[in-house]
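Survey of secondary and tertiary structure
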Amino acid sequence: MTMKQKKNNKLIKSLPADNLLSVVGVGLRTKHYDEILNKPDNIGWLEVHPENYFGGGINLYYLEKARELYEISFHGVGLSLGSDKLVCKNHLTQIKELIDRFEPFSFSEHLSWSASGNAHLNDLLPLPYNKEVVNRLCSNINYVQDFLNMEILIENPSTYISFGENEMKEWEVINELSSKTGCKILLDINNIYVQSQNHGFSQFDYIDNINHDNIYELHLAGYSEFSFPDKKQKILIDTHSKKVHDPVWELFSYAMKKFGCTIPTLIEWDDDIPSLDILSAEAAKAEKIIINKSCP
Amino acid sequence: MLRLKDIQKSFIETILDKNKNCNSEFKSLFDENNISIEDRISIYRGHFIASLTAILKDTYPATTKIVGDKFMEAMSREYIYLNPPNSGCLNLYGSSFPEFVKKFEATKSLPYLADVAELEKIINSVYYAKDDKPLLPQNISESCNLSLASSACLFSSKFPVDSIRDFVMSEDKNNPQQLDISSGGVSLLICRKGKDTIIYQLEDSEYKILKLIGNSGILEDALTSILIKYPDFNFSEFIQKFIPIGCFKDVSY
């Protein structure tokens, strides 16, 4: 199916069903390049950071091989949709070339920013939640969607600082972006839990209030707990470096019951990457919750 | 509240401040909520430095082994504050690191270090270079335009940098390689072949003609120049050796 067809179909909510082992995917990472081509158990699809495949070379060789076996999603990390300037056209052009070549079932980016002036920090930085930011994001999302000729997915972030004069809840910003631009939602369950603990709100309220009709992908990941030296306070960091924690599984289970439909789900693990056996076991756990709509 | 543009400018300036200052106007934008704004910003600054340091260590593994982890981390921190990324793609981040190492006062006692770093920079750029259509032997003539492939790069050093790199990266502690650092310089072709990046040691004449081809692109001109200095240069052997390596791209394509 071409991207244009997908656009006409308002983007496929489920993955193409043919030969699909599972609705749960994992990230395609260098460490697993050879092993993933043996189609390990429980892994239904692969998530790819397109920026890692800019240029050419060996990475593209493995992506070609993996694409022959799996459906893939593209998860961008460098567009900086929340910056107070237009998205970089050169960066976007390279993403489009990869989309045209590999035909991922979705392309997602973040509710965050990274670039200002000439600096482009390698982080997903926090935004104030107000009308000016919503307008700026809408402008960039519309530009990207027009350029790529497809609806994109926007992911909720983890943040470690909050603006004092936020005018909107985070889920209100995401709902409004989706309503105004037609973009879909990539809901990161771990990020909701991290946000709830770091900024003091109910994680269940978030699930209850997000527009679940527009959720087209879910993320699960492990956070790390950070303690400041000589201080009692702790903060949760979205490190993607551990197994999914129990409270996140519980929230995932709650979300599954609430949403009542099958949504492609990713086990994210980007640091201290474990063996594929461990990722496969995490994927199996997620699949079981999706099927049973409750924690095992 | 400040406009988004001003908030983002201040945020980046605060993260990039080596002295970790946080001005009161910037702090007033945020909720402290039992954790100081300085501590909260330190999470972002810490991630910024740590993730880029990891990229530099990954791109420059031999350089890291020569100076040691702690020194590399300190040197990287200095580099990163002066050279934050300017793109959302980090594949080639740190391409000016060898130049920085060359000028870094604390590494003056290691005169070969910047060249080892330069070799590692080239290996990284070759790894990510785009895939050209390789030149086939039947398409070669003296009047044709030749060009080095994007995934091929020349490098010469007055130090045996390839041997230094092999020596420090050798994992075989039972059979350690020998290294004679005074063995003289090398001319190298670094080229991607299939899934591997290979480093070829070149004769002077080979290096010079490849350099001339890289500069002018016209085989006949390069050949004329090289025959003046190396009258015995064997063009046929040269082609037979280098075409299979895949270091030329088909410019007619």
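Worth saying up front: this structure is predicted, and the values here are computed from it rather than measured.

**Topic: the interface of chain B and chain A**
- Between chain B and chain A, the contact holds 45 residues from the first and 50 residues from the second.
- Here chain B is connected to chain A by one salt bridge.
- E132 of chain A serves as the salt-bridge partner of R3 of chain B, at 3.2 Å between the closest nitrogen and oxygen.
- The tally of links between chain B and chain A comes to 18 residue pairs in polar contact (both at pLDDT 80 or more).
- Looking at the side of chain B that touches chain A, the elements with two or more residues in it are α1 (4-15), β1 (30-31), α3 (37-59) and α7 (113-128) of chain B.
- When residues in the side of chain B that touches chain A are grouped by element, the largest group, 11 residues, is from α3 of chain B.
- Sheet topology places strand β8 (residues 162-163) of chain A next to β1 of chain B; two bridges connect them, and they run antiparallel. If you follow F163 of chain A over to β1 of chain B, its bridge partner there is F30 of chain B.

**Side note on the sheet that holds strand β1 (residues 24-27) of chain A**
All names here are of chain A.
- Strand order in the closed barrel formed by eight strands is β1-β2-β3-β4-β7-β9-β10-β13, with parallel pairing between adjacent strands. Within this sheet the neighbouring strands show an average axis-to-axis angle of 30 degrees, counted without direction.
- Bridging between strand β3 (residues 71-75) and strand β4 (residues 107-110) involves two bridges; their strand directions are parallel. Looking across to β4, one finds that F74 is bridged to F107.

**Things to note about helix α5 (residues 69-82) of chain B**
Residues and elements named next belong to chain B.
- If you check α5, its first and last C-alpha atoms are 20 Å apart, about what 14 residues at 1.5 Å a residue would give, namely 20 Å.
- Turning to α5, its buried residues number three or more, namely M72, M75, S76, Y79, I80 and Y81.
- Looking at the packing, one finds that the buried side of α5 touches α1, α3, α4 (61-67) and α6 (97-103).

**Concerning the side chain of R136 of chain A**
- Here R136 of chain A shows up in helix α5 (residues 131-148).
- For the buried R136 of chain A, no salt bridge exists, and the shortest N-O distance to an oppositely charged side chain is 4.5 Å, to D84 of chain A.
- Side-chain polar atoms of R136 of chain A contact the backbone oxygen of S83 of chain A, separated by 3.5 Å.
- The contact partners of R136 of chain A, leaving out residues within four places of it in the chain, are G82, S83, D84, K85 and L86 of chain A together with L4 of chain B.

**Concerning the pairing of β3 of chain A**
Residue and element names in this part refer to chain A.
- For β3, the buried fraction is high: four of the five residues fall into the buried class.
- Where strand β2 (residues 45-48) meets β3, four bridges bridge the pair, whose relative direction is parallel. Of the residues in β3, the one forming a bridge with V48 is F74.
- Once the chain exits β2 it traverses helix α3 (residues 58-69) before rejoining the sheet at β3, and the crossover so formed is right-handed.

**Section: the environment of H32 of chain A**
- Tracing the chain through its elements places H32 of chain A in the loop between β1 and α2 (33-36).
- Sequence-distant contacts of H32 of chain A, defined by excluding residues within four places in its chain, comprise I273, P274, S275, L276 and L279 of chain A.

**Quick look at the sheet that holds strand β4 (residues 186-193) of chain B**
All names here are of chain B.
- Spatially, β3-β4-β5 is the arrangement adopted by the three strands of the open sheet, whose pairing is antiparallel. Edge positions in the open sheet fall to β3 (152-157) and β5 (196-201), since each of these has one partner strand only. Across the sheet, the mean angle from the axis of one strand to that of its neighbour is 20 degrees, orientation sign disregarded.
- Sheet analysis places β4 next to β5, joined by six bridges and oriented antiparallel. Across the sheet, L188 pairs through a bridge with Q201, a residue of β5.
- Together, β3, β4 and β5 form the strand contacts of helix α8 (residues 161-169), whose direction differs from that of β4 by roughly 60 degrees.
- Running at roughly 130 degrees to β3, helix α9 (residues 204-216) makes contact with β3, β4 and β5 of the sheet.

**Observations concerning the side chain of R192 of chain B**
- One can find R192 of chain B in strand β4.
- In terms of polar contacts, R192 of chain B uses its side chain to reach the backbone carbonyl oxygen of Y127 of chain B, at 3.4 Å.
- At 2.9 Å, the side chain of R192 of chain B forms a polar contact with the backbone oxygen of A129 of chain B.
- Excluding residues within four positions of it along the chain, R192 of chain B makes contact with G56, G57 and I58 of chain A together with V126, Y127, Y128, A129, K130, D131, S151, T197 and I245 of chain B.

Reading the values: rules and limits
- Residues numbered from 1 in each chain as written.
- Chains lettered and ligands numbered in written order.
- Predicted model: local features only at pLDDT ≥ 70, side-chain atom pairs only at ≥ 80, totals over all residues.
- Heavy atoms only, no water.
- Contact = heavy atoms within 4.5 Å.
- Salt bridge = Lys/Arg side-chain N within 4 Å of Asp/Glu carboxyl O.
- Polar contact = N/O pair within 3.5 Å; in protein donor to acceptor, adjacent residues only side chain to side chain.
- Helix = DSSP H or I, 4+ residues; strand = E, 2+ residues; numbered from the N terminus.
- Pairing = 2+ DSSP bridges.
- Axes fitted to C-alpha atoms, helices over the stretch in contact; angles between N-to-C directions.
- Expected span 1.5 Å × (residues − 1).
- Buried < 20%, exposed > 50% of the residue type's maximum accessible area, 1.4 Å probe, protein only.
- Lys, Arg positive; Asp, Glu negative; His and termini not counted.
- Right-handed = clockwise from strand over helix to strand, strands pointing away.

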